[in-house]
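Chains, contacts and geometry: an overview
So the chains spell out like this:
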Protein chains: 2
Amino acid sequence: MKAELLTIGDELLIGQTTNTNAAWLGRRLSRLGVRVRRTVTMSDTRDAIQRELDRTYQDARLVVCTGGLGPTHDDRTRTVVGEYFDAPLHTDDTLLDRVRQYYNRRDREMPDAAPRLAQVPEGFEPLDNPVGAAVGLWYEAADGRLIVLLPGIPDEMKSIFDASVEPRLGALPGVGEVHHRTLVTAGIPETALQERLGDLSGVLGDDVHLAYLPSTSGVRLRLSADAAEADATARLNEVASVIRERAGDCIIGTGDVTPEDALGHLLRDRDATIAAAESATGGLIGHRLTGVSGSSDYFLGSIVAYADRVKQAVLGVGEAAFREHGAVSEAVAVQMAEGVQEALGTTIGVSTTGIAGPTGGTPEKPVGTVWVGVADADGAHATHHQFVEDRTLNKELFASAALERARRGLL
Amino acid sequence: MKAELLTIGDELLIGQTTNTNAAWLGRRLSRLGVRVRRTVTMSDTRDAIQRELDRTYQDARLVVCTGGLGPTHDDRTRTVVGEYFDAPLHTDDTLLDRVRQYYNRRDREMPDAAPRLAQVPEGFEPLDNPVGAAVGLWYEAADGRLIVLLPGIPDEMKSIFDASVEPRLGALPGVGEVHHRTLVTAGIPETALQERLGDLSGVLGDDVHLAYLPSTSGVRLRLSADAAEADATARLNEVASVIRERAGDCIIGTGDVTPEDALGHLLRDRDATIAAAESATGGLIGHRLTGVSGSSDYFLGSIVAYADRVKQAVLGVGEAAFREHGAVSEAVAVQMAEGVQEALGTTIGVSTTGIAGPTGGTPEKPVGTVWVGVADADGAHATHHQFVEDRTLNKELFASAALERARRGLL
């Protein structure tokens, strides 16, 4: 089944609110196998709503529309959609009672406009709202197409979807047929990953689709299969196993796993602890590791040695290393990793020293240069990486590289 | 000027990624006085892109399209938009050089598909990408309408918009008649700030609009005046001076200033240095301070003492403080701040010890509790704050409180 979403509201267009409703509905509908083909955000004017209903209705069997169901005169969805389907509004007495009770129970006087909440276009079915006053509305047109109207307030939209929309959709024939799987990689850029995976067209066939989703923490590979569950699972298993074989240890996990999750799992598995000596990342490695609940089991702390004299005084980096190689060097990265491993008494020490930019670059050590050190029971070493020109991106990329080097050290 | 946004990508439709690009572009275009009328998210197929270009082009003078500009065969925007405007692709040699350099500088072999990044539809102008390999594209059609193509990766999209799109749009006639000014506050919740500002309706009048924009680093007050520049500036000055008088030292600056910028300015002014002793924030204070270029002038480093034994061994917190008050206590916060001030030899030491959650809370010290310590030449003290139940939010709120307490100490 194909669906389109209409999300109504000026606050979305001017970016005062991020459209999390669209993302949430996208996830929930995909999970049911409903394919969201298009999402439109528009203003709450009569013209805009009618025009988009016209356009949307040509393509989709299901139209989910959020926003504009409240009691105020700005809330036009109910009226405009009713007009569009020649369904005059009437007041539903059961709903009106419910609205009265809603305000009574909260010891609040019912606002003059509240009875609008009990108006229903003819042929539309109210969907109970477990957490607010505005009900949802469900309409099955004569040709079998479906219109679902939901409030724009995220908690109310979600509650109605969970309680009424999902069970109704799930019971329809043909729903439940797209299945996804995501393989998460780290430490390899998109293009290098693509080359390593090679030509997958024979493996993917016509029924499995692969998307590359790059970010500063790595590239996620999202597989989608258009089939009933058993077939889809079999096909996804098949494709995933070919990808795993070709990508090797670049794959850090599936689903929403992050590099800090993957490293945390390994540390817990190995009964190991970690500490970071951070220069260019400024504390980001510790921040990311401690973003994971339970990380105190393996993360003991960091020493952020931004000034060189802190690298010397607290981490014990030798003066000779600075004099002979400079602060951004293999020697300093190695000694920083060893220094924090010793100072905090951990199994593993990881370090970064680099140039995040925008200033501080030289022809030999341009902005984006970083050395990542790893110290463990077998000794210490460092790797060189060259990233981009943006400070914020570089800090994320440096931290991702450090988390990934630490993970590789544990394999 | 009216605009429409086309955001391309299946990951947006299925909700794997929330459409933050649309919100960001909505905010930035609104600030220029460009009215975003409609945002469409669709799949990266030829049909979908061409159909939406058709529909969008009927209504808007400006179309901003994100996504699908990378090098892989999934990246169809360049080709499909070129076809739509009968603009055949050619390879731009300067761009090709730039792509080559991009990979050279990173010591990576140029992938086979990379030359696609240098293909430009005839008549389209490349927009430099300061942080990635894919350029943006700018096209002015014969009838004066504008098409802007940007990559979907948020950092790249934003960098190109800042560097090239905003200045070009701002120079067009009819753009920029809404004038904005933002006053940034810290350390005061929205409702307390509202009470402190009192009734502003007489000051705002009909021509100036005030929006409260809360975030984890504080509440920004955005003033908008709908008038020609000279009038708008006079009115914004007038309103801002009333707000400044009432809000007092909660105001940390204007525009995009962050708490870490404001603290950095003050430290530089006072010729002071700072170090952080972080427990619950895990490194985030250092990460935020070092997000500011030039922060090495005043930020020397942090000790992230996540484990209590690191608080004792490296920061010198006494065992008695733990025994008598627990790790999340005024005594431990004070000793952590003093410990890092001494260990790193800075003017100021700032510390956090708290419970970010979701576990670890007790009736006396619920999730969201934090003690923030500040040590300076006058001695050390700590303040107690109670925030929310979400781990990620708490870490940001704890760090913001620490940056704000350090700033207040310098006033």
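Residues numbered from 1 in each chain as written. Chains lettered and ligands numbered in written order. Predicted model: local features only at pLDDT ≥ 70, side-chain atom pairs only at ≥ 80, totals over all residues.

Topic: the overall build of chain A
To keep things clear, this is the line we draw: For helices the rule is a DSSP run of H or I covering at least 4 residues; for strands it is a run of E covering at least 2, with both sets numbered from the N terminus onward. Backbone-placed C-beta atoms define the burial measure: a residue is buried with 20 or more other C-beta atoms within 10 Å of its own, exposed with 12 or fewer, and partly exposed in between. Note on contacts: each residue gets a C-beta atom placed from the backbone, and two residues are in contact if those atoms are within 7 Å.
When you go through chain A residue by residue, the secondary structure sums to 15 helices and 17 strands. Burial analysis of chain A (411 residues in total) assigns 48% to the buried set. Pairs at least 24 residues apart make up 66% of the contacts formed inside chain A by residues separated by at least 6 positions.

As for the domain arrangement of chain A
Inclusion rule: All the domain ranges listed were derived from an automatic or database domain assignment.
Entries for chain A in the domain assignment read domain 1 (2–170), domain 2 (178–254) and domain 3 (259–410). The distance between the C-alpha centroids of domain 1 of chain A and domain 2 of chain A comes to 36 Å.

Brief notes about the interface of chain B and chain A
The criterion, for reference: Under the convention adopted here, Pro, Cys and the residues Ala, Val, Leu, Ile, Met, Phe, Trp and Tyr are nonpolar, Asp, Glu, Lys and Arg are charged, and Gly plus all remaining residues are polar. Pairing between strands is defined by DSSP: at least two bridges between them are needed.
Across the contact, 67 residues belong to chain B and 64 residues belong to chain A. Mapped onto the side of chain B that touches chain A, the elements with two or more residues apiece are helix 1 (10–13), helix 2 (20–31), strand 2 (35–42), helix 6 (154–170), helix 11 (284–289), strand 14 (299–305), helix 14 (330–344) and helix 15 (391–410) of chain B. Tallied by class, residues from the side of chain B that touches chain A come to 30 nonpolar, 25 polar and 12 charged. With 5 bridges connecting them, strand 2 (residues 35–42) of chain A and strand 2 of chain B associate as antiparallel partners. The residue bridging Arg38 of chain A from the neighbouring strand is Met42 of chain B, located in strand 2 of chain B.

Focus: the sheet that holds strand 9 (residues 178–185) of chain B
Backbone hydrogen bonds hold the strands of a sheet together, and the pairing may be parallel or antiparallel. All names here are of chain B. So the rule is basically this: Angles here are taken between N-to-C directions and fall from 0 to 180 degrees, while the axes themselves are lines fitted to C-alpha atoms, restricted in helices to the stretch in contact.
Taken together, 4 strands build an open sheet; the order of strands is 10-11-9-12 and the sheet is antiparallel. Looking along the sheet, the strands with just one partner apiece sit at the ends: strand 10 (208–215) and strand 12 (251–254). The mean angle between the axes of side-by-side strands here comes to 25 degrees, regardless of whether they run parallel or antiparallel. Strand direction decides the pairing type here: strand 10 and strand 11 (residues 218–226), joined by 8 bridges, are antiparallel. Bridge assignment links Pro214 to a residue of strand 11, and that residue is Val219.

So, the nonpolar core
Selection criterion: We define the nonpolar core as any set of buried residues of the types Ala, Val, Leu, Ile, Met, Phe, Trp, Tyr and Cys, connected via C-beta atoms lying within 7 Å of each other.
Core analysis: the largest hydrophobic core is formed by 141 residues, its most contacted members being Ala305 and Val340 of chain A together with Ala305 and Val340 of chain B. Apart from residues lying up to four places away in sequence, Ala305 of chain B is in contact with Gly301 of chain A together with Ala277, Ser279, Val310, Lys311, Val314, Leu315 and Met336 of chain B. Formed by 80 residues, the second largest nonpolar core is a distinct cluster that contains Leu149 and Met157 of chain A together with Leu5 and Val64 of chain B.

Description of the packing of helix 2 of chain B against helix 6 of chain B
All names here are of chain B. Inclusion rule: Throughout, the term roughly parallel applies to angles under 35 degrees, roughly antiparallel to angles over 145, roughly perpendicular to angles from 65 to 115, and oblique to all others. Helix crossings get a hand from a simple test, with the near helix turned counterclockwise from the far one by less than a right angle marking a left-handed crossing and a clockwise turn marking a right-handed one.
The N-to-C vectors of helix 2 and helix 6 enclose an angle of 20 degrees; their axes lie 11 Å apart at closest approach. Here helix 6 runs roughly parallel to helix 2, going by the angle between their axes. Seen from above, helix 2 lies across helix 6 with right-handed handedness. Across from Thr20, Asn21, Trp24 and Arg28 in helix 2, the residues of helix 6 making contact are Pro154, Met157, Lys158, Phe161 and Glu166.

Remarks on the pairing of strand 17 (residues 379–386) of chain B
Residue and element names in this part refer to chain B. Here 8 bridges tie strand 16 (residues 369–376) to strand 17, and the two strands are oriented antiparallel to one another. When the bridges of strand 17 are listed, Val374 appears paired with His381. Once strand 16 ends, the chain turns through 2 residues before running back antiparallel as strand 17.

Thoughts on the sheet that holds strand 12 (residues 251–254) of chain A
Residues and elements named next belong to chain A. Read across the open sheet, the 4 strands follow the order 10-11-9-12; overall the sheet is antiparallel. Strands at the two margins of the open sheet, each flanked by one partner only, are strand 10 (208–215) and strand 12. On average, each strand axis in the sheet is inclined to that of its neighbour by 25 degrees, with strand direction left out of account.

Some words on helix 2 of chain B
In plain terms, the rule: Between the first and last residue of a helix there are one fewer steps than residues, each counted as 1.5 Å, and that sum is the expected span.
Compared with an ideal rise of 1.5 Å per residue, which puts 12 residues at 16 Å, helix 2 of chain B spans 17 Å between its outermost C-alpha atoms and is within 8% of the ideal. Of all the positions in helix 2 of chain B, only Asn21, Ala22, Ala23, Leu25, Gly26, Arg28, Leu29 and Ser30 of chain B are classed as buried. Looking at the buried positions of helix 2 of chain B, the neighbouring elements they touch are helix 1 (10–13) of chain A together with strand 1 (2–8), strand 2, strand 3 (62–66) and helix 6 of chain B.

Brief notes about the packing of helix 10 (residues 259–269) of chain B against helix 15 of chain B
All names here are of chain B. One can describe the packing of helix 10 onto helix 15 by two numbers: an axis separation of 9 Å at closest approach and a directional angle of 25 degrees. Classified by the angle between their axes, helix 10 and helix 15 sit roughly parallel to one another. The crossing of helix 10 and helix 15 is left-handed. Counting all contacts with helix 10, which are made through Pro259, Glu260, Ala262, Leu263 and Leu266, the residues of helix 15 involved are Ser400, Leu403, Glu404, Ala406, Arg407 and Leu410. Along the lines of polarity and charge, the residues of the contact of helix 10 with helix 15 split into 7 nonpolar, 1 polar and 3 charged.

Some details on the confidence of the model for chain A
Heads up, the rule is: Predictor confidence is given residue by residue as pLDDT, running from a minimum of 0 to a maximum of 100.
Chain-level statistics for chain A give a pLDDT mean of 92 and a share of 99% at 70 or above. Interface confidence in the predicted complex, given as ipTM, is 0.75; pTM for the same model is 0.76.

Structural notes on unusual backbone geometry
With an omega of 0 degrees, the peptide bond between Gly357 of chain A and Pro358 of chain A qualifies as cis. Locating Pro358 of chain A in the fold gives a position in the loop between strand 15 (348–354) and strand 16 (369–376). Positioned with a positive phi, Asp86 of chain B is a non-glycine residue whose angle comes to about 50 degrees.

What about the environment of His385 of chain A?
Residue and element names in this part refer to chain A. Checked against the element boundaries, His385 lands in strand 17 (residues 379–386). When the 22 C-beta atoms within 10 Å are taken as the criterion, His385 is described as buried. His385 has contacts with Val370, Val372 and Ala401, leaving out every residue within four places of it along the chain.

Examining the environment of Gly294 of chain A
Residues and elements named next belong to chain A. In this fold, Gly294 is placed in the loop between helix 11 (284–289) and strand 14 (299–305). Owing to 12 C-beta atoms within 10 Å, Gly294 belongs among the exposed residues under this scheme. Sequence separation of Gly294 and Gly264 is 30 residues, and the distance between their C-alpha atoms is 9.1 Å.

Details of the pairing of strand 13 (residues 274–278) of chain A
Residue and element names in this part refer to chain A. Defined as follows: By convention, a crossover is right-handed whenever its connection, traced from the first strand over the helix to the second and viewed with the strands pointing away, goes clockwise.
The buried count for strand 13 comes to 5 of 5 residues, which makes it a mostly enclosed element. With burial as the criterion, each face of strand 13 is covered, one bearing Ile274, Ala276 and Glu278 and the other bearing Ala275 and Ala277. Note that strand 13 and strand 14 share 5 bridges and pair parallel. In the sheet register, Ala277 faces strand 14, and the bridge partner there is Ile303. Crossover connection from strand 13 via helix 11 to parallel strand 14: handedness right-handed.

Overview of the environment of Ala343 of chain A
Mapped onto the fold, Ala343 of chain A is located in helix 14 (residues 330–344). The buried category is assigned to Ala343 of chain A, around which 21 C-beta atoms lie within 10 Å. When residues no more than four places from it in sequence are discounted, the contact partners of Ala343 of chain A are Ile303 and Leu315 of chain A together with Val314 of chain B.

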